[in-house]
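Spelled out, the chains give:
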Amino acid sequence: MNDEQEVLCPNPNCKAKLGYIVVIENLEWLQMGGGIARQWHGVCATCGKEFHWSVSDRILEKILAKTMN
Ligand SMILES: [Zn+2]
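Bear in mind that the values here come from a model prediction, so they are computed numbers and not experimental data.

Draft legend 1. Just the sheet that holds strand E2 (residues 17–24), in detail. The strand order E1-E2-E3-E4 describes an open sheet built from four strands, whose pairing is antiparallel. Strands with a single pairing partner mark the edges of an open sheet, and in this sheet they are strand E1 (5–8) and strand E4 (35–37). On average, each strand axis in the sheet is inclined to that of its neighbour by 40 degrees, with strand direction left out of account. The pairing of E1 with E2 spans four bridges and is antiparallel.

Structural data, given as structure tokens:
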């Protein structure tokens, strides 16, 4: 499966490419460089903006998006 989605810096003035979302076994994971993570808490290397990502947040987002439709 080659279902990749770019993850960009949340700072609208920066939007640096931080990594990719990859789908493995129907779950989304965050690929950063050579590693694949279930969660990431750090800062953008370009502008210093805080960046948080986790598998459970993504699942929650999808559940909420469905209930709002
Ligand atoms: Zn940035």
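Back to the text.
Draft legend 2. Seen up close, the pairing of strand E5 (residues 39–43). Here five bridges tie E5 to strand E6 (residues 50–54), and the two strands are oriented antiparallel to one another. Note on E6: the bridge partner recorded for Val 43 is Glu 50. Counting the residues that bridge the hairpin from E5 to E6 gives six residues, and of these Gly 48 lies at a positive phi of roughly 90 degrees.

Draft legend 3. Summary view of unusual backbone geometry. The residue Glu 25 is not glycine, and still its phi comes out positive at about 55 degrees. Among the secondary structure elements, Glu 25 is positioned in the loop between E2 and strand E3 (27–32). Here Glu 25 falls in the exposed class, since 6 other C-beta atoms lie within 10 Å of it. The backbone of Asn 26 sits at a positive phi, close to 65 degrees, despite the residue not being glycine. Tracing the backbone through its elements, the reader meets Asn 26 in the loop between E2 and E3.

Thresholds, definitions, all that
- Residues numbered from 1 in each chain as written.
- Predicted model: local features only at pLDDT ≥ 70, side-chain atom pairs only at ≥ 80, totals over all residues.
- Pairing = 2+ DSSP bridges.
- Helix = DSSP H or I, 4+ residues; strand = E, 2+ residues; numbered from the N terminus.
- Axes fitted to C-alpha atoms, helices over the stretch in contact; angles between N-to-C directions.
- Buried ≥ 20, exposed ≤ 12 C-beta atoms within 10 Å, placed from the backbone.

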